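Next come the chains, spelled out residue by residue.
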Amino acid sequence: MGPSELLPEGYDRRDEQLQLAEECRDSLVMGQTYFAHAPCGLGKSLASLMAAMPLLNEGRRLFVTYRTRSQLGIYLKELRRMDPSLVAVSTISRRDMCPRLEGSYGDFHKSCSRLKRNTRGGEDPYCPEFRAVLDDPEGSRASAIAACSRFASPTQFSVDAADSGICPYESLKLAMPESDVFLGTYHYLLDPAIRSQILNSLEADMADLVIIGDEAHNIPGFARSLLSTRLTGRTLDRSVREAEDYGQEEAIDVLRDIGSYYTHLRKTTGDRETRRVSPGELAAALSTPVDSAVRILNECGESVWRQRFEEDGSGFSSLGRTGGFLSEFCGKVSREYAHLASIEDGHAALELSNLDGRAIVDPVVSQSRAAVFMSGTLSPVDVYHGLTTSAGAVTRQHRSPFPRENRVVLVARDVSSKKKERTDRGMGNMAAHVEAVCDANEGNLAVFATSYSMMSRLRGRVSTGREVLVEERGGPVKPVLQRLASTDDALVFGVMGGKLSEGVDYEGDLLTGVVAAGFPYPPWSEKRRALIEHLDDEFDGRGRLYGYLVPAITRMLQTCGRVHRSATDRGPVVVLDRRVTHRYLRRHLPGDFSDEMRTVDSPGETALAVERFWR
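Residues numbered from 1 in each chain as written. Predicted model: local features only at pLDDT ≥ 70, side-chain atom pairs only at ≥ 80, totals over all residues. Heavy atoms only, no water.

Asker: How would you sum up the pairing of strand 5 (residues 209-213)? Please name residues and give values.
Answerer: The buried count for strand 5 comes to 5 of 5 residues, which makes it a mostly enclosed element. Alternating residues of strand 5 divide into Leu209, Ile211 and Gly213 and Val210 and Ile212, and every residue in both groups is buried. Pairing analysis gives 5 bridges linking strand 2 (residues 61-66) to strand 5, with the strands arranged parallel. Bridging across to strand 5, Thr65 finds its partner in Gly213. Strand direction decides the pairing type here: strand 5 and strand 10 (residues 370-375), joined by 4 bridges, are parallel. Counted as the bridge partner of Ile212 is Val372 from strand 10. (Buried < 20%, exposed > 50% of the residue type's maximum accessible area, 1.4 Å probe, protein only. Helix = DSSP H or I, 4+ residues; strand = E, 2+ residues; numbered from the N terminus. Pairing = 2+ DSSP bridges.)

Put into structure tokens, the structure is as follows:
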């Protein structure tokens, strides 16, 4: 059965989508890995599912993974339409599903494991919800399978299970062996320990899995973050207080040595500076060998954890986390890691920063039956292939399916977010372009700056009669979307890489225009320098392309893509930075985006171009 025959009833037949599905299907059948830059509007989620479905008939299991939970609803909807007989297990973390415990992930899992052990042994404290699963495993299993057959979201499943008095996560595990599809965030696939647990629950091997990795431009950075760790001065202070409160004298001696090194860092490192350090410096500051210091901190942390668990059934310890960091920071000395010290607001921190996440992605790619990694901004696709895995792959750069008349891409050549041009005059000129788009655009408009500080400066210079909505750092998205739904004359200020510029679908006419205020090169730091140096070695001197330019291109494309989410969406895209027109940068942009770019040289030209577009 070909992909076109799997198109759900009521869906429009789109040639670009079917081409993507067929190419993807051919690669999966051959056991290959497929990387696709698939612009918004291609219907890549449905295309990938249509490509993978034939392999389920061979007894394979489909493993769908994504960066954030927002993608989950899309896949559940498409799976339900394609084949309502499927059993699709979707999950969030055990902690987030638990009606009983809170705390950090590490402490939560220790508490949960201890409660389960007590429950099995008839000891206090125990978990009534886990007890209910043990008492009626078949009933719990049947209930979970029924929910998965209805394509229930894990949030709704958790509420229903908790209302019934059973553990949501443990009952869901009972349904996993019967599942056709498993859906979860990158953690479930890329974290080796978590992946092992999931495979055990699925009763499957890696060779049984067909993988769909969505929003795959995030995978290289996510993999690096999984292999990185950090210890702040605040965590160290909490460890000291914990050791004092619980009489852990041996730990106090070790922490005093580490604290002395942090004091040295504060004296030798400037505020908001990051510099490289040798792990040998920290080891030399200890009055006992590193292995002994790690053992002391871990044993004392376990003692504190047990005492707290016996007190209230929810143990936690900073000492254990400090011991784990010390082991990692001093133990991982290789070219794939940078050892960094930084000062933020007077507080020192040490960081072990991984520079190459392929070490945890490569086993997934090589051991699975087949895999597809895709994103609307996986461009240049060959670069992302290289950053993601060392294994060979088929790579495809698809073009946007949207009618060209639905979008105009304008680039202003008289402005730039380059540091030396962020003068009062430069910012005033950029604000004039924003005002020009405000006056000419029909409907709600969003302006995304390269940073919060630049957003604040620009916002203070823009004069408009529109209602102004501002993205707050760490603030919720929902109130902004709700307000946009009730007006057609709003101006939203946000940041590239923020919540409003990535992963949010502005459905219908919630947003009809977007301004990218500047080109979002990553902030320069010693950490970025270390990454580029490593990538220089790995990719024949192209470290700046792989570790500096391409991340900026991706962030800009994510921002510019907020307006056009369906074939009927219309609106202008305005980029306020002449650097986007430079030959080197432009040749790394997706072909359709580069082909559609038009330059303007003044706010007046910008206003005229936007007015003409709407006419």
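Continuing now.
Asker: Break down the nonpolar core for me, with residues and values.
Answerer: For soluble globular proteins, nonpolar side chains are generally found buried alongside one another. Among the nonpolar cores identified, the biggest contains 123 residues, and Leu190, Tyr262, Leu326, Leu350, Met556 and Val580 are the most heavily contacted of them. Setting aside residues no more than four positions away along its own chain, Leu350 makes contact with Thr229, Arg230, Leu231, Tyr261, Tyr262, Leu265, Val277, Leu282, Phe325, Phe329, Leu340 and Ala341. (Core = buried A, V, L, I, M, F, W, Y, C linked by side-chain atoms within 4.5 Å. Contact = heavy atoms within 4.5 Å.)

Asker: Tell me about helix 13 (residues 233-245), and please be specific about residues and values.
Answerer: With 13 residues, helix 13 should cover 18 Å at 1.5 Å per step; its first-to-last C-alpha distance of 18 Å lies within 8% of that length. Buried within helix 13 we find Gly233, Thr235, Leu236, Ser239, Glu242 and Ala243. For helix 13, the elements touching its buried residues are strand 6 (229-232), helix 14 (249-268), helix 16 (290-312), helix 17 (318-331) and strand 9 (347-354). In the segment just after helix 13, Gly247 is the residue with positive phi, at about 65 degrees. (Expected span 1.5 Å × (residues − 1).)

Asker: Kindly report on the packing of helix 23 (residues 526-538) against helix 24 (residues 543-560), identifying the contributing residues and their values.
Answerer: The interhelical angle for the contact between helix 23 and helix 24, taken along N-to-C directions, is 130 degrees, at an axis separation of 6 Å. The angle between helix 23 and helix 24 places the two elements in the oblique class. On helix 24, the residues that touch Arg528, Leu531, Ile532, Leu535 and Asp536 of helix 23 are Gly543, Arg544, Tyr546, Gly547, Tyr548 and Pro551. Looking at the contact of helix 23 with helix 24 residue by residue, the class counts come to 6 nonpolar, 2 polar and 3 charged. (Axes fitted to C-alpha atoms, helices over the stretch in contact; angles between N-to-C directions. Parallel < 35°, antiparallel > 145°, perpendicular 65-115°, else oblique. Nonpolar A, V, L, I, M, F, W, Y, C, P; charged D, E, K, R; others polar.)

Asker: A description of the side chain of Ser342 should follow, citing residues and the corresponding values.
Answerer: Along the polypeptide, Ser342 turns up in strand 8 (residues 337-344). Apart from the residues lying within four places of it in its own chain, the contact partners of Ser342 are Arg230, Glu273, Thr274, His347, Ala348 and Ala349.

Asker: Help me get a handle on the pattern of salt bridges, residues and values and all.
Answerer: In this structure the tally under the stated criterion is 36 salt bridges. The partner of Glu302 in a salt bridge is Arg114, and the shortest N-O contact between them spans 3.7 Å. One end of the pair, Glu302, is in helix 16; the other, Arg114, is in helix 5 (residues 105-121), and 188 residues separate them in sequence. Residue Glu302 is classed as partly exposed on the basis of its relative accessible area, which comes to 26%. One salt bridge connects Asp601 with Arg413, and the closest N-O pair in it is separated by 2.8 Å. Placement of the pair is Asp601 in the loop between strand 18 (597-600) and helix 27 (603-614) and Arg413 in the loop between strand 12 (407-412) and helix 20 (424-440), with a sequence separation of 188 residues. Classification of Asp601 as partly exposed rests on a relative accessible area of 35%. (Salt bridge = Lys/Arg side-chain N within 4 Å of Asp/Glu carboxyl O.)

Asker: Which residues make up the sheet that holds strand 13 (residues 445-449), and what values go with them?
Answerer: If you walk across this open sheet you meet the 7 strands as 14-15-13-16-17-12-18, and the pairing is parallel. If you trace the sheet from one side to the other, it starts and ends with strand 14 (467-470) and strand 18, each paired once. With direction set aside, neighbouring strand axes in the sheet form an average angle of 20 degrees. In this sheet, strand 16 (residues 513-517) lies alongside strand 13 in parallel orientation, the contact comprising 5 bridges. Among the inter-strand pairings, Val447 is bridged to a residue of strand 16, identified as Val515. The strands that helix 21 (residues 452-461) touches are strand 13, strand 14, strand 15 (490-495) and strand 16; relative to strand 15, the one it contacts most, it runs at about 150 degrees. In the packing of helix 27 onto the sheet, contacts are made with strand 12, strand 17 (571-575) and strand 18, and the angle to strand 17 comes to roughly 160 degrees.

Asker: Pulling in residues and values, what's your account of unusual backbone geometry?
Answerer: Across residues other than glycine, the phi torsion is negative in most instances, and most of the peptide bonds are trans. With an omega of -10 degrees, the peptide bond between Asp124 and Pro125 qualifies as cis. The amide bond that connects Ser379 to the next residue, Pro380, takes the cis arrangement and shows omega of 0 degrees. One non-glycine residue, Glu215, lies in the positive phi region at around 50 degrees. Non-glycine residue Arg272 carries a positive phi angle of around 65 degrees. Counting through the fold element by element, Arg272 comes out in the loop between helix 14 and strand 7 (274-276).

Asker: Describe the environment of Glu215, naming the residues involved and giving the relevant values.
Answerer: If you trace the backbone, Glu215 turns up in the loop between strand 5 and helix 12 (219-226). Residue class for Glu215 comes out buried when judged on its relative accessible area of 16%. Sequence separation between Glu215 and Gly376 is 161 residues; the distance between their C-alpha atoms is 7.2 Å. Excluding anything up to four places from it in sequence, Glu215 contacts Lys44, Gln71, Tyr186, Met374, Ser375 and Gln558.

Asker: Would you mind going over empty space enclosed by the protein in detail, with residue names and values included?
Answerer: Think of a ball as big as a water molecule: rolled over the atoms, this probe shows where empty space is left. Counting across every chain of the model gives 3 cavities of 30 Å³ or more. For the largest cavity, the calculated volume is near 140 Å³. In terms of lining residues, the largest cavity is bounded by 16 residues, among which Cys98, Phe108, Cys112, Cys127 and Cys167 are the most central. Within the residue set of the lining of the largest cavity, elements represented by two or more residues are helix 4 (94-97), helix 5, helix 6 (128-135) and helix 9 (168-175). Per-class residue counts for the lining of the largest cavity are 11 nonpolar, no polar and 5 charged. Considered as a void within the structure, the second largest cavity measures approximately 50 Å³ in volume. Around the second largest cavity, the lining residues are Pro220, Arg224, Leu355, Asp356, Gly357, Arg358, Gly386, Leu387, Leu535 and Phe539. (1 Å grid on protein atoms, 1.4 Å probe; cavity = no way out; pocket = protein on both sides within 12 Å on 5 of 7 lines; lining within 4 Å. Points joined across faces, edges and corners; volume = space filled by probe spheres on them.)

Asker: Lay out the confidence of the model for the protein chain in plain terms, naming residues and giving numbers.
Answerer: Averaged over every residue, the pLDDT of the protein chain is 93; the share at 70 or more is 99%. At the level of individual helices and strands, the protein chain shows its lowest average pLDDT in helix 5, which scores 85, and its highest in helix 19 (residues 381-388), which scores 98. (pLDDT = per-residue confidence, 0-100.)

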